[in-house]
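What follows is the residue order along each chain.
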Amino acid sequence: MPISDIVLTIAALLIVIACTQPIARRSGLPFTVVLGGVGVLIALGANWLLHTTLTDKFNEVAALVINIPVSSATFLDVLLPILLFQGAITIDVRRLAQDTIPVIFLAVLGVMVALGLIGGAVSLVSSAPLVVCLLFGAIVATTDPSAVIALFRDLGAPARLTRLVEGESLLNDATAIAAFSAFLALAISGGEHEQGYILKQLFSSFSGGILTGLIFGRLAIFLLTWLKSFRAAQVTITVALPFVVYSIANTYIETSGVVAVVTSGLVLSAMARSRVQPETFKFFQETLDQLAWWAGGLVFVLAALVVPDLLSDFVFSDLLTTLVAVTTALIARAIILFGIFPILAATKVTQRVNNPTKVVIIWGGLRGAVTLALALAVTENHLIDPQTQRFIAIQATGFALFTLLVQGTTLTSLMRWLKLDQLSPIERAFRTQVLTQSLSTVRTGLSSFAERFELDSQLVDIAIKPYSNRLSRVAEDRSFEEEISDKERLTLGLVALANQEKTLLFEQRLSSVLPHRLLDQYLLAVENMIDATREDGRLGYLNAARKPYKQSLNFRILSWAHSQLGVNRPLAAHLGKHFQFLMISRIMVMELVVFLDLKLGSLLGERPLEILHEILNQRLDEIERHLDALRLQYPKFARTLDHSVLERFAYQEEVDQIESLRDSGIISDDLARSLSNEANSIHAISRPKTIVDIKATTADLLTSFPVFADLQLEELAQIANQLTPRILADDAFVFHKGDRADGLYFIASGAVEIRVGDELYRLGHGDFFGEMALLDEAQRSADVKSISYSHLLLLEVDTFNELVRSHPNWRGKLDEIAEKRKAMNEANS
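The structure contained in this document is the topic of the report that follows. Given the structure is predicted, the values throughout are model-derived calculations rather than measurements.

**Quick word on the overall build of the protein**
No. 1: Across its full length, the protein carries 34 helices and eight strands.
No. 2: Contacts spanning at least 24 positions in sequence make up 79% of the contacts within the protein whose residues lie at least 6 apart.
No. 3: Just so you have it, the protein exposes about 40,000 Å², and 58% of that area is on carbon and sulfur atoms.

**A closer look at the packing of aromatic side chains**
No. 1: For the structure on display, the rule yields 10 aromatic pairs.
No. 2: The interplanar angle of 75 degrees and the centroid separation of 6.4 Å between the aromatic rings of Phe136 and Phe399 together place this pair among those described as edge-to-face. Of this pair, Phe136 sits in helix H7 (residues 130-140) while Phe399 is found in helix H18 (residues 386-417), placing the two residues 263 residues apart along the sequence.
No. 3: The buried category is assigned to Phe399, whose relative accessible area is 1%.
No. 4: For the pair Tyr549 and Phe581, a centre-to-centre distance of 6.0 Å together with 80 degrees between the ring planes defines the contact as edge-to-face.

**Details of the sheet that holds strand E7 (residues 783-786)**
No. 1: Sheet architecture is open: four strands sit in the order E2-E7-E4-E5, paired in antiparallel fashion. The open sheet has two edge strands, strand E2 (733-735) and strand E5 (759-763), and neither has a second partner. Averaged over neighbouring strand pairs, the angle between their axes works out to 25 degrees when direction is ignored.
No. 2: Alignment of strand E4 (residues 752-756) against E5, held across five bridges, turns out to be antiparallel.

**Regarding the sheet that holds strand E8 (residues 790-796)**
No. 1: Taking strand neighbours across the sheet as the criterion, the four strands line up as E1-E8-E3-E6 in an open arrangement whose pairing is antiparallel. Bordering the open sheet on either side are strand E1 (724-728) and strand E6 (768-769), each of which pairs with just one other strand.
No. 2: Pairing of E1 with E8 involves five bridges; the strand directions are antiparallel. Paired with Ile727 across the bridge in E8 is His791.

**With respect to the environment of Leu109**
No. 1: Inspection of the secondary structure puts Leu109 in helix H6 (residues 100-125).
No. 2: The spatial distance from the C-alpha of Leu109 to the C-alpha of Arg333 is 9.8 Å, given a sequence separation of 224 residues.

**Some thoughts on the nonpolar core**
No. 1: By size, the foremost hydrophobic cluster in this structure holds 99 residues, and its most contacted members are Leu135, Phe136, Ile139, Phe180, Phe183, Leu268 and Ile392.
No. 2: Membership of the second largest hydrophobic core comes to 54 residues, among which are Ala498, Met583, Ile623 and Phe637.

**Overview of the packing of helix H15 (residues 318-346) against H18**
No. 1: For the pair H15 and H18, interaxial distance at closest approach is 9 Å and the crossing angle is 60 degrees. Considered as vectors, H15 and H18 are oriented oblique to each other. Considering the relative orientation of H15 and H18, their crossing is right-handed. Residues Asp318, Thr321, Thr322, Leu323, Ala325, Val326, Ala329 and Leu330 of H15 touch H18, and the partners they reach there are Arg390, Phe391, Ile394, Gln395, Gly398, Phe399, Phe402 and Gln407.

**Some thoughts on a nonpolar patch on the surface**
No. 1: On the surface, Phe314, Phe316, Leu319 and Leu323 cluster together into a nonpolar patch covering about 400 Å² of accessible area.
No. 2: Its place among the elements puts Leu323 in helix H15.
No. 3: Judged by its relative accessible area of 38%, Leu323 is partly exposed.

**Thoughts on the pattern of salt bridges**
No. 1: Scanning the entire structure with this criterion turns up 14 salt bridges.
No. 2: Residues Arg538 and Glu614 are paired through a salt bridge, measuring 3.8 Å at the closest nitrogen-oxygen approach. In this pair, Arg538 is assigned in helix H24 (residues 516-546) and Glu614 in helix H27 (residues 606-633), connecting sequence segments 76 residues apart.
No. 3: One salt-bridge network, in which partners are shared between bridges, spans Lys550, Asp730, Asp731 and Lys785.

**Side note on the environment of Asp767**
No. 1: For Asp767, the position within the fold is in the loop between E5 and E6.
No. 2: Classification of Asp767 as partly exposed rests on a relative accessible area of 28%.
No. 3: A sequence separation of 62 residues divides Asp767 from Phe705, and the C-alpha atoms of the two residues are 7.0 Å apart.
No. 4: A distance of 3.0 Å separates a polar atom in the side chain of Asp767 from the backbone nitrogen of Gly764.

**What to know about the environment of Trp417**
No. 1: Checked against the element boundaries, Trp417 lands in helix H18.
No. 2: On a C-alpha basis, the gap between Trp417 and Pro356 in space is 9.5 Å, while along the polypeptide they are 61 residues apart.

**Observations concerning the packing of helix H4 (residues 72-90) against helix H12 (residues 257-271)**
How two helices pack is summed up by the angle between their axes together with the distance between the axes.
No. 1: Orientation of H4 relative to H12, taken along the N-to-C sense of each, is 35 degrees, at an axis distance of 7 Å. Between H4 and H12 the crossing geometry is right-handed. Across the interface between the two elements, Leu80, Pro81, Leu84, Phe85, Ala88 and Ile89 from H4 touch Val258, Val261, Val262, Ser264, Gly265, Leu266, Leu268 and Ser269 from H12.

**Focus on unusual backbone geometry**
No. 1: One non-glycine residue, Glu254, lies in positive phi territory at about 60 degrees.
No. 2: With respect to the secondary-structure elements, Glu254 resides in the loop between helix H11 (231-253) and H12.
No. 3: The class for Glu254 is exposed, based on a relative accessible area of 65%.
No. 4: In this model, Asp731 sits at a positive phi of 75 degrees, which is unusual for a non-glycine residue.
No. 5: You can see Asp731 is positioned in the loop between E1 and E2.

**Description of H11**
No. 1: With 23 residues, H11 should cover 33 Å at 1.5 Å per step; its first-to-last C-alpha distance of 31 Å lies within 8% of that length.
No. 2: A bend of about 35 degrees at Ala240 is the largest found in H11, and the proline Pro242 appears one to four places after it.
No. 3: Of the positions making up H11, those classed as buried are Gln234, Val235, Thr238, Leu241, Pro242, Val245, Tyr246 and Ala249.
No. 4: Glu254 occupies a position one or two residues after H11 and carries a positive phi of about 60 degrees.

**Some points on the side chain of Ser256**
No. 1: Here Ser256 lies in the loop between H11 and H12.
No. 2: For Ser256, a relative accessible area of 7% gives the class buried.
No. 3: For Ser256, the contacting residues outside a window of four places in its chain are Ser205, Gly209, Ala249 and Asn250.

Conventions and cut-offs
Residues numbered from 1 in each chain as written. Predicted model: local features only at pLDDT ≥ 70, side-chain atom pairs only at ≥ 80, totals over all residues. Heavy atoms only, no water. Helix = DSSP H or I, 4+ residues; strand = E, 2+ residues; numbered from the N terminus. Contact = heavy atoms within 4.5 Å. Areas by Shrake-Rupley, 256 points an atom, 1.4 Å probe, with all protein chains shown as cover. Phe/Tyr/Trp six-rings, centres within 6.5 Å; stacked < 30°, edge-to-face > 60°. Buried < 20%, exposed > 50% of the residue type's maximum accessible area, 1.4 Å probe, protein only. Pairing = 2+ DSSP bridges. Axes fitted to C-alpha atoms, helices over the stretch in contact; angles between N-to-C directions. Core = buried A, V, L, I, M, F, W, Y, C linked by side-chain atoms within 4.5 Å. Parallel < 35°, antiparallel > 145°, perpendicular 65-115°, else oblique. Left-handed = near helix turned anticlockwise from the far one by under 90°. Patch = residues over 30% accessible without salt bridge, like charges linked within 9 Å, V, L, I, M, F, W, Y side chains within 5 Å. Salt bridge = Lys/Arg side-chain N within 4 Å of Asp/Glu carboxyl O. Polar contact = N/O pair within 3.5 Å; in protein donor to acceptor, adjacent residues only side chain to side chain. Expected span 1.5 Å × (residues − 1). Bend = angle between axes of the 7 residues up to and from the residue.

Written out as structure tokens, the structure reads:
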């Protein structure tokens, strides 16, 4: 078939696909179901035109449709990669990570259970060998979620439901295609493979695909960062990546191209958002969405075109086998959702999935193009006997048609019957407040617009009347006050604040200040705040907000290496990143205060608004405490970091001004490009280096401690050489009650909290603690922990004893302070 005819046919099919969308919307059927039906009708019509004796005027047109070279490679090598990649890069990896276990069970374990049950059941009602039945089970184990996801979004189904199905689709195809390849090899060899061959093939495909996807995904991230000033080049890299990865993985590395494409897409989803400009990443998504829409439409239409050929040998007795396979597939998914998921929820491995959601996921497991593509791959393989080819072609096609024409056409009604298209009670009640505010704003804005442009007052009244009437009806709805408690409104407000924090983070002025890894960490922290708020309200929000500042295993290891081995650079880099994290957190919270007053005040009510202000002020106070401790210890770094933030804002302001003048037509594109390049070059040159300098303890530093006031500088220098630095993060214990006394601690910066019984005491810069156990030669009498980033100096016990022997007056001063502290403790006990 000439290439010009192929191009013409594909272009015509794309026009048909475009015209089918409004038909799907009006009929209420899933778009993919309508596309499949249209494709079958086109194929049947073309066949009829070629063989009818009524006329031969349309034979050339019909031949273009019938003779279009559709093979399994068309679907698997050309159309599937972009569909998989678009699904992977669109999904929010951080949110998907919260449902990792359910997704794995739905996809991997679900496919294996479905494959085994379908293969076993079909082998009981057909004459096909077991290995062929298992091959068929692998082919129909692939689900096409596009119809379900489209319905979920149209009907406003819960976001988590959509995320579960999207996540399942990413791994489902990969698992099923890997199993298909292994069983196809078994079918060709007649089952003459070593024991465990299937598991080895699956492990090899998955591990090799994941590794390939990670490598190429990271390579793409490097190229996108390097090409940050060339958006067209960045988009080209993004579009080409899935085809490069799929071809190399499948053809040259001989591993799973599907897994490799999905993995590379997830890498870009997780990392590219923080490494390219927000508008560029949005352009990536829009471009991939359009390509995927074309590919998805062609997949269903082209697959439908081959249906008549695949069913050409169909006999009525084949229907029993198809129905058995469909029933078994539904049972297999039910086993996972109703058998395995309750156990996972009971052990808190995953969140609970309600029964209506499970039913929709079971019924929504439609089969489509991938199933037909794998069936075509069998019919095209000359090593497979004709009887097996016929069995696979008919059963796979019949299975796909049943899911599309029966399950697909009833899915919308099922969701509505189960009430999954309705808002939650809280959202329904909150709708009243949102409508009140928006309608009032529209009415006021309409009046102002009319007054400004001196429009006819009667026409203005007519235009305003519908909004006034709607506002009156909304005002009569008291569900907001009756159904939403202050606690629920507070939760809504905290989630809104966290979402706004994520939005602010992607603004160019802020996102470019943080290093890429730190930006990813911040985004993950915000996602954790959202989840914690939904589970535990105010307390969950605050605990999640504090988590990034608390002592971690990594920080403990770096601090130990600094104090015991004298390795400073890793800890310095870690502190520098957290310094920047705190700086941006402070800016964020201050921005949230403004957002709270402007956007949420009238929606939430007076009391929730007051509590939200308290929560934000509490966050701000804690951030300031951590920052003050670090600024005191590293003043030079603090000034450098402040300067970098100001310089970034100034640069972005300059770029915004240039773009504004260009968009207004005041300056030409060439001049705007020249000015932007000049701004970029100046910004790159003036960007300061930000490195934390962890200095050794000096005698000058010790003079800031009153307890050393009577010692000479030479003596202080000797003591300074004996001090061991210890750097702790928030919530890290210095020692516990009952511990052996290891020395006397001085606070160079930061603060600690001392718990004696039920009493709490706080000490800060210039204070010391731990002297009582040393002087009494006893165990520690209190718990002491850091309540910010604290830089402590430890005077170990041997050095302390030597010092008190050589300086009796200093020992007397410590005894005096210790007695006062003991008396205070006894008075409060």
